[in-house]
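Architecture and fold: a report
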Amino acid sequence: MTQDEVLKQARACLGQYCRGCAVCDGRACRNKIPGPGAKGVGDTAIRNYDKWKEIRVQMDTICENRPADTGFELFGRRFAYPFFAGPVGAVNLHYGEKYNDASYNDVLVSACAKAGIAAFTGDGTDPEVMRAATAAIASAGGVGVPVVKPWNPGTVLEKLQLVRESGAFAAGMDIDAAGLPFLKNMTPPAGSKTAVELEAIIKAAGLPFIVKGIMTVKGALKAKAAGASAIVVSNHGGRVLDQCPATAEVLPEIAAAVGDSMTVLVDGGIRTGVDIFKALALGADGVLICRPFVTAVYGGAEAGVEELINRLGAELKDAMSMCGAGSLKEISRDMVWTPGK
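Residues numbered from 1 in each chain as written. Predicted model: local features only at pLDDT ≥ 70, side-chain atom pairs only at ≥ 80, totals over all residues. Heavy atoms only, no water.

**What to know about the environment of H94**
With respect to the helices and strands, the residue H94 is situated in helix α3 (residues 91-94). Sequence separation of H94 and L288 is 194 residues, and the distance between their C-alpha atoms is 19 Å. For H94, the contacting residues outside a window of four places in its chain are Y17, C18, P34, G35, P36, G89 and R239. (Helix = DSSP H or I, 4+ residues; strand = E, 2+ residues; numbered from the N terminus. Contact = heavy atoms within 4.5 Å.)

**Brief notes about the packing of helix α4 (residues 101-115) against helix α5 (residues 127-139)**
As a packed pair, α4 and α5 sit with axes 9 Å apart at the nearest point and diverge in direction by 20°. Taken together, the axes of α4 and α5 are roughly parallel relative to one another. Considering the relative orientation of α4 and α5, their crossing is right-handed. Counting all contacts with α4, which are made through D101, A102, N105, D106 and V109, the residues of α5 involved are V129, A132, A133, A136 and I137. Here the contact of α4 with α5 is composed, by residue class, of 7 nonpolar, 1 polar and 2 charged. (Axes fitted to C-alpha atoms, helices over the stretch in contact; angles between N-to-C directions. Parallel < 35°, antiparallel > 145°, perpendicular 65-115°, else oblique. Left-handed = near helix turned anticlockwise from the far one by under 90°. Nonpolar A, V, L, I, M, F, W, Y, C, P; charged D, E, K, R; others polar.)

**Structural notes on unusual backbone geometry**
With omega at 10°, the peptide bond leading from I33 into P34 counts as cis. One can find P34 in the loop between α1 (3-11) and α2 (43-54). Omega for the bond connecting T187 with P188 falls within 30 degrees of zero, at 0°, which places this linkage in the cis form. Here P188 shows up in the loop between β7 (171-174) and α7 (195-205). The backbone of R30 shows a phi angle near 20°, a positive value even though the residue is not glycine. In this structure, R30 sits in the loop between α1 and α2. Of note, Q243 is a non-glycine position whose phi angle comes to about 65°, a positive value.

**Details of the packing of aromatic side chains**
In the structure shown here, the tally under the stated rule is 8 aromatic pairs. Seen from their ring centres, F79 and F84 are 5.3 Å apart, and the 85° between their planes marks the pair as edge-to-face. According to the relative accessible area criterion, F84 is buried, its value standing at 0%. Members of the aromatic cluster, each reached through a chain of ring pairs, are F72, F79, F84, F120 and F169. Sitting above the plane of the Y49 ring, K53 keeps its charged end 4.6 Å from the centroid. (Phe/Tyr/Trp six-rings, centres within 6.5 Å; stacked < 30°, edge-to-face > 60°. Buried < 20%, exposed > 50% of the residue type's maximum accessible area, 1.4 Å probe, protein only. Lys NZ or Arg CZ within 6 Å of the ring centre and 35° of its normal.)

**Some points on the nonpolar core**
Ranked by internal contacts, the top residues of the largest apolar core, which has 104 residues, are Y104, F209, F293 and Y298. Counting residues per element, this core draws most heavily on helix α11 (residues 291-323), which supplies 14 residues. Beyond its immediate chain neighbours, meaning those up to four positions away, F293 contacts F84, A85, Y104, L108, C112, I117, V305, L308 and I309. (Core = buried A, V, L, I, M, F, W, Y, C linked by side-chain atoms within 4.5 Å.)

**Brief notes about the pairing of strand β9 (residues 230-233)**
Alternating residues of β9 divide into A230 and V232 and I231 and V233, and every residue in both groups is buried. Direction of pairing for strand β8 (residues 209-214) relative to β9: parallel, over a ladder of 4 bridges. Paired with K212 across the strands is V232, a residue of β9. For the segment spanning β8, helix α8 (residues 217-225) and β9, crossover handedness is right-handed. Summarising the sheet, β9 and strand β10 (residues 263-266) pair through 4 bridges and their orientation is parallel. Across the sheet, the residue bridging to I231 is V264, located in β10. Once the chain exits β9 it traverses helix α9 (residues 247-258) before rejoining the sheet at β10, and the crossover so formed is right-handed. (Pairing = 2+ DSSP bridges. Right-handed = clockwise from strand over helix to strand, strands pointing away.)

This is how it looks when you write it as structure tokens:
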């Protein structure tokens, strides 16, 4: 299956909000929520995409001619590539009724595991969303990361029990989801967590824990102190706060502050294997990619996911070879050019 075929089929069933753009840059959907768009004027999602494009790769082919090794290890598991499918929830609301969260995750989790990566799964107000997501991960032998929303403590503990029963190799929380409308004004209260509350959640999880939604060094240090094994530098795709910096802009300083003591992942506007290469050069260990995987599932189910993973992997390998990196560990800051450098 080709990318064009996936996009053509996706556009026939994506619903009224997502346009299935060939270039998913946040412009066509701007401030449309429901839909894949961002909050406010939609500036943050667009900025996420644009800032990766401002960074350029530094070609260097005076080096040993060898195949690029994209193998990546996370929490004792070996993956084919340093990228993962990002979590998404309420797909039928935002992307069209062909899938609901259960059927979407059934396709995504299995296809990602077969292709050598893992999917992060989303959460929702309906308890069935987490039950279905963790069931899909269990069926894939634990190859997946359930991401829990910052609910009240009792609800978080209930969901973490499902996570443990699934055999998932890690758990996560998108702490920035506190800015989503459906978490506001809930009873019991849901939303932002103190460092002490986060520490209790991490201990209760009993698994390597990933805190998603870190945009400052201060936030990264608090997540580290709370016991997180990894963070995701993320502004939730611009969906929770307008006028944020792009993740590419804040990644280097965050990676410099905590990268030697915890795993640093990043998301937001990453669309190609070359973007993945840039993120690794700026200090990330790996990346999450969300919206393109939605299009892949809607446009081609398992075959669409396979096409996307293979294409991203091939682009990453090509960038590594042309810049002189034989392995992920050899990707360095001097392999990219940044504005003002």
